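Descriptive structure summary
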Amino acid sequence: MNKVELNDTKVSKAIAALCHVAEKTEKKDTLLEKVDVVQMQICLKKIPSNNKTIKLKLPHSIYHPDLDVCLFVKDLDVKDREYEKTVNHFRDLFRQKGINCVTAIIPLKSLKTEYKPFEAKKNLSNAYDLYLADVRVIRLLPKLLGKHFYGRKKNPVQVNLLAKDLVKEIETAIGSSSCVITSKGASSIATVGHVKMSPGQVTENVVAASEQISQEVAGGANNIKQLNLKTKTSLSIPIYIAEGGPQDIKLPKNVRVREKVEAEELSTMLDAKVKVFSNGRIEVIREKIPGAPKEKKKKVLPKKTVPKRSRKLKGRK
């Protein structure tokens, strides 16, 4: 089985029920300002040993005007202590391009200083609906953001801020979705729409997302135990249930692939660059400066050894 076969009628009824509940909740609670999103819950039979982020290309954009978007960017000047110039630079760039969907811009320097405390990172992870990150800094973020983001599957979405068509790049990032499959649990979540979309649009997004996940997940479609639909405020409605358990699934063996990581500038050392890998490993690379004196190698003196006979004599005394 290459993909999960869904019943479109069953999916449409589940979406209609979720939209109806969301409408009632909105009428009762007038303080609710956010548009409720529709999420698909994926339950696996067998937990894979590797983490994987599956990017989902949906036929209908899941963006809505109430979405709060935060963008992490690279500092314009690594040596400059102030980061307001970086924020103003990107705000002006977005204003020129007509991009109005980015709520907050946070340079790396601001992230390292203002959001270093535990509580600050926690508050930041709850402050926005979606997080984007420049492709040049995304590998540095796991160490800086920590478990509040990556432990809760709030991984920032990668964007190329040097792209020729920047408007399309940003729109694609905020309009598409992703599903983070981890080795720590059998359940994952993917956003497939919101309650202001038509039921037909959400249905098409659900079908497209289920097909892509079943093709990309370890073990394929056979490893998917159950699919549910829910909003953030509702109970989950099952739309697909499969028979069998983990004993029926054979996952492929892990093949180690050498990760290609570009070296980044290091602000604390002038003659060095740093590589930060996705697993948190850090590698510092020293750059050879022409004309600089060579470092003298320290001579390692051999350890003095005491003969066995003399040790026994010392013990007798």
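Presented here is a report on the structure given in the accompanying data block. All values reported here derive from a predicted model rather than from experimental measurement. (Residues numbered from 1 in each chain as written. Predicted model: local features only at pLDDT ≥ 70, side-chain atom pairs only at ≥ 80, totals over all residues. Heavy atoms only, no water.)

1. Structural notes on the sheet that holds strand β9 (residues 224–231)
Quick reminder of the rule: Pairs of strands are assigned from DSSP output, requiring at least two bridges between the strands. The helix count covers DSSP runs of H or I at least four residues long, the strand count covers runs of E at least two residues long, and both are numbered beginning at the N terminus. Orientation is described by lines fitted to C-alpha atoms, with helices fitted over the stretch in contact, and by angles between N-to-C directions that extend from 0 to 180 degrees. Contacts are assigned to residue pairs with any non-hydrogen atoms lying within 4.5 Å of each other.
Read across the open sheet, the four strands follow the order β8-β1-β9-β10; overall the sheet is antiparallel. Both outer strands of the open sheet, β8 (187–194) and β10 (237–241), are each paired with one neighbouring strand and no more. Pairs of neighbouring strands in the sheet enclose a mean axial angle of 20 degrees, with direction left out of account. Inspection of the sheet shows β9 paired to β10 by four bridges, in the antiparallel sense. Of the residues in β10, the one forming a bridge with Leu227 is Tyr240. Across the sheet, helix α8 (residues 199–216) lies against β1 (37–44), β8, β9 and β10, angled at about 30 degrees from β1, the strand it touches most.

2. Quick look at the packing of aromatic side chains
Note the cut-off: Whether two aromatic rings pair depends on their centres lying within 6.5 Å, for rings of Phe, Tyr and Trp, where Trp uses its six-membered ring; planes under 30 degrees apart make the pair stacked, over 60 edge-to-face, and the rest tilted. Under the scheme applied here, a residue whose accessible area is under 20% of the maximum for its type counts as buried, over 50% as exposed, and between as partly exposed, the area being computed with a 1.4 Å probe on protein chains only.
Counted according to the given criterion, the structure contains five aromatic pairs. When the ring of Phe72 is compared with that of Tyr131, the centres are 6.2 Å apart and the planes differ by 10 degrees; the resulting orientation is stacked. Of the two residues, Phe72 is situated in strand β3 (residues 69–73) and Tyr131 in strand β5 (residues 130–134); the sequence distance between them amounts to 59 residues. For Phe72, a relative accessible area of 0% gives the class buried. Between Phe72 and Phe149, the aromatic rings sit 6.4 Å apart at their centres with planes inclined by 75 degrees, giving edge-to-face as the arrangement. Of the two residues, Phe72 sits in strand β3 while Phe149 sits in helix α6 (residues 147–150), which places them 77 residues apart along the sequence. The exposure class of Phe149 is buried, given its relative accessible area of 0%. One aromatic cluster in this structure is built from Phe72, Tyr128, Tyr131 and Phe149.

3. Structural notes on the pairing of β5
Here β5 lies mainly inside the structure; five of its five residues are buried. Burial of β5 is two-sided: the residues Leu130, Leu132 and Asp134 facing one way and the residues Tyr131 and Ala133 facing the other way are all buried. Two elements, β3 and β5, share four bridges in a ladder whose sense is parallel. By the bridge assignment, Phe72 is partnered in β5 with Ala133.

4. Describing the side chain of Thr231
By the element assignment, Thr231 lies in strand β9. Thr231 gets classed as buried once you look at its relative accessible area, which sits at 2%.

5. Some thoughts on the pattern of salt bridges
Threshold: Salt bridges are counted wherever a side-chain nitrogen of Lys or Arg sits within 4 Å of a carboxyl oxygen of Asp or Glu.
Per the counting criterion, the structure on display carries three salt bridges. The closest approach of N and O atoms between Asp134 and Arg136, which form a salt bridge, is 2.6 Å. Judged by its relative accessible area of 27%, Arg136 is partly exposed.

6. Comments concerning the environment of Gly193
Relative to the assigned elements, Gly193 resides in strand β8. For Gly193, a relative accessible area of 0% gives the class buried. On a C-alpha basis, the gap between Gly193 and Ile62 in space is 4.8 Å, while along the polypeptide they are 131 residues apart. With residues up to four places along the chain from it excluded, the contact list for Gly193 reads Val37, Val38 and Ile62.

7. Considerations on the nonpolar core
Stated precisely, the cut-off is as follows: Nonpolar core, defined: a set of buried Ala, Val, Leu, Ile, Met, Phe, Trp, Tyr and Cys residues in which side-chain atoms within 4.5 Å join the residues together.
Ranked by internal contacts, the top residues of the largest apolar core, which has 35 residues, are Met40, Val206, Leu227 and Leu229. Considering every element that reaches this core, the biggest residue donor is helix α1 (residues 8–28), with six residues. Setting aside residues no more than four positions away along its own chain, Met40 makes contact with Ser188, Ile189, Ala190, Val192, Val206, Ala209, Ser210, Ile213, Leu227, Asn228 and Leu229. In this structure, Val102, Ile105, Leu166 and Ile170 belong to the second largest nonpolar core, which totals 20 residues.

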